[in-house]
Amino acid sequence: MTVPDVRRAVDTVWRLESARIIAGLARIVRDLDLAEDLAQDALVAALRQWPESGIPPNPGAWLMATAKHQAIDRFRRDERLQRNISQLGHELRVSQDTAVFADGPEFDAVTDDDFVPDDLLRLMFVACHPVLSTESRVALTLRLLGGLTTGEIARAFLAAEPTIAQRIVRAKRTLASEQVPFEVPPAGERAERMGSVLEVIYLIFNEGYTATAGDNWARPELCYEALRIGRMLADLSPADPEVHGLVALMELQSSRLRARLGPSGEPVPLLEQNRGSWDQLLIRRGFAALLRAERLGGPPGSYVLQAAIAACHARAPTPQETDWPRIAALYEVLTVIEPTPVVELNRAVAVAMAYGPARGLELVDELRSRGELPGYHLLPAVRGDLLARLGRPAEARGELERAAGLTRNEQERSVLLRRAAECLPRPRQ
Amino acid sequence: MRFLMTTTAGDPPDEQMMAEMGRFVAELSRAGVLLATGGLDPAGPRVTAKEGKVTLTDGPFAEAKEAIISFALLDVRSKEEAVELSKRFWQIAKNGEGAIQQVFGPE
């Protein structure tokens, strides 16, 4: 086996297994930074040994066993570690007794104990801990749960690699200095902490779905990464309706990823998309996740409501058959749970579709008179559309041009300018 | 990226293999990696078309061992991941033959 072959295999195993390995190690050594170090050391060992020995049949277990072996080594050498973490010594001795390095059937027996599903859940809660800034949570989640390299994270967020590396180092330092325990939060805190986890996953998704800056309108790989982490979370925390709600929302929105991009990468609005290219497999997964959320009962949360809205679109065979009154009603409930101007703006759009542009414009103007969403390009974009539908093209063009001036996304800007010109071509001077 | 993993030959499953495969399939389905899977009847009719005119031929076929007998539709990040998962499948299924092909779109 050649070195590049091994390199690729190791990268793949890392992406598939690193979260479980780091999570398992973090539980044993009670230190996230050390856990990641040990896992990385095991990776280096793999790169050294696999070209000669071949890739082991269970590479994840091999990495875990190697990392634990290195933990024992460090533990023996480092008295401070021994003093501080007596529990570590106990657990490592126990696992050493069961022959960490054995090959064959015993190997599996060891690793079944090592991979506890709850460890992954703990890792998610820690990576999304409120002591960290939002951007640190995002970076740490992609790094620890997604198995992405700092380079990949930097490219996804159009940031410099050292910036992301720094962010991750600082985040881990904060977790250590704040002595954040490696645990699933107690019942009293769980709902709020889960809120933070869901928020981080949805942020990652949205960054991919509507790239906030740059030349590309969407970066689907970030959407798929968020979706993957979300599905994993739904498996780990199946009794939480909002988790299924978020997964449903992401599945349904992902189903339109292909349709919402025009031939030259420009955004295509929902109602103009070719519904034939919506991904029916993801739509079905979305419906199933939404059903799981609804079966769990209780008043619907924000993600369940947003998923229900996305489901209304997915269900309509043509734009004309969209159940706008239902969407408007769902948005009305959503404005109660999540009274943000963005939600109110979306509600205005739905109301306009259900009951006419004049009703929608009333709601938009109410937002505007309160001075909400200054600098948010979608406010003038929506207002421009409503004005155009009300037969006020000059005002419509002004609003669409203003929206074009506010967006940071190049593709979106050109679409807005085209629509502005369609409202009312500028008279030739 | 989606990949279709197919098998055209394999050991008949025993009870242990069925149990292990069941766990593997459940794990991958929950993780959203396995989108669909199933077994196929190798004796299904063959279809040939000439200028839109369809001819059906019923089995059994002499070359039945070339027929696909099971499939799995995988949602992964790279071809290497699909290959890695196929290795795990064959660790359970032991002996056989198959293919791993990328399904084009939706990316």
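Chains are numbered independently. Their residues run from 1 in the order of the written sequence. Note on labels: chains are lettered from A, ligands numbered from 1, in written order. The predicted nature of this model means local features are confined to residues of pLDDT at least 70 and side-chain atom pairs, given and counted, to a pLDDT of 80 or more, with totals for whole chains, interfaces and linings taken over all residues.

Topic: the interface of chain A and chain B
Link 1 in the chain: Contact between two residues is assigned when their C-beta atoms, built from the backbone, lie within 7 Å. On the chain B side, the residues contacting the 17 residues of chain A number 13 residues.
Link 2 in the chain: Secondary structure elements are taken from DSSP: a helix is a run of H or I of four residues or more, a strand is a run of E of two residues or more, and numbering for both begins at the N terminus. Every element with two or more residues in the side of chain A that touches chain B is listed here: helix H1 (3-29) and helix H12 (220-236) of chain A.
Link 3 in the chain: A class-by-class count of the residues in the side of chain A that touches chain B yields nine nonpolar, one polar and seven charged. Here the nonpolar group is Ala, Val, Leu, Ile, Met, Phe, Trp, Tyr, Cys and Pro; Asp, Glu, Lys and Arg are the charged ones; every other residue, Gly included, is treated as polar.

Regarding the sheet that holds strand S2 (residues 34-39) of chain B
Residue and element names in this part refer to chain B.
Link 1 in the chain: When DSSP finds at least two bridges between two strands, those strands are taken to pair. Taken in spatial order, the four strands line up as S2-S5-S1-S6 in an open sheet, and their pairing is antiparallel. For this open sheet the edge positions go to S2 and strand S6 (96-103), each flanked by a neighbour on one side alone. For this sheet, the mean angle separating the axes of adjacent strands, direction not counted, is 15°.
Link 2 in the chain: For S2 and strand S5 (residues 70-75), the ladder comprises five bridges, and the chain directions are antiparallel. From the neighbouring strand, Leu 34 faces S5, where its bridge partner is Leu 74.
Link 3 in the chain: The sheet contacts of helix H2 (residues 79-93) involve strand S1 (2-10), S5 and S6, and relative to S6 the element is tilted by about 155°. To define axes, lines are fitted to C-alpha atoms, for helices over the stretch in contact only, and angles between the resulting N-to-C directions are given on a 0 to 180 degree scale.

Focus: the confidence of the model for chain A
Link 1 in the chain: Known as pLDDT, the predictor's confidence for each residue is given on a scale from 0 to 100. For chain A, per-residue confidence averages 87 on the pLDDT scale, and residues scoring 70 or more make up 88% of the total.
Link 2 in the chain: This stretch, residues 96-111 of chain A, has a pLDDT under 50; its non-local contacts, to residues over four places away or in other chains, come to 18 contacts.

Focus on the packing of helix H17 (residues 341-355) of chain A against helix H18 (residues 357-369) of chain A
All names here are of chain A.
Link 1 in the chain: For the pair H17 and H18, the least separation of the axes is 6 Å and the interaxial angle reads 165°. The angle between the axes of H17 and H18 places the two elements in the roughly antiparallel class. Between H17 and H18 the crossing geometry is right-handed. Contacts between H17 and H18 involve Pro 341, Glu 344, Leu 345, Arg 347, Ala 348, Val 349, Val 351, Ala 352 and Tyr 355 from the former and Pro 357, Arg 359, Gly 360, Leu 363, Val 364 and Leu 367 from the latter.
Link 2 in the chain: Class assignment of the residues belonging to the contact of H17 with H18 gives a composition of 11 nonpolar, one polar and three charged. Oblique is the label for any angle not covered by the other classes, which are roughly parallel (under 35 degrees), roughly antiparallel (over 145) and roughly perpendicular (65 to 115). By definition, turning the near helix anticlockwise from the far helix through less than a right angle yields a left-handed crossing, and turning it clockwise yields a right-handed one.

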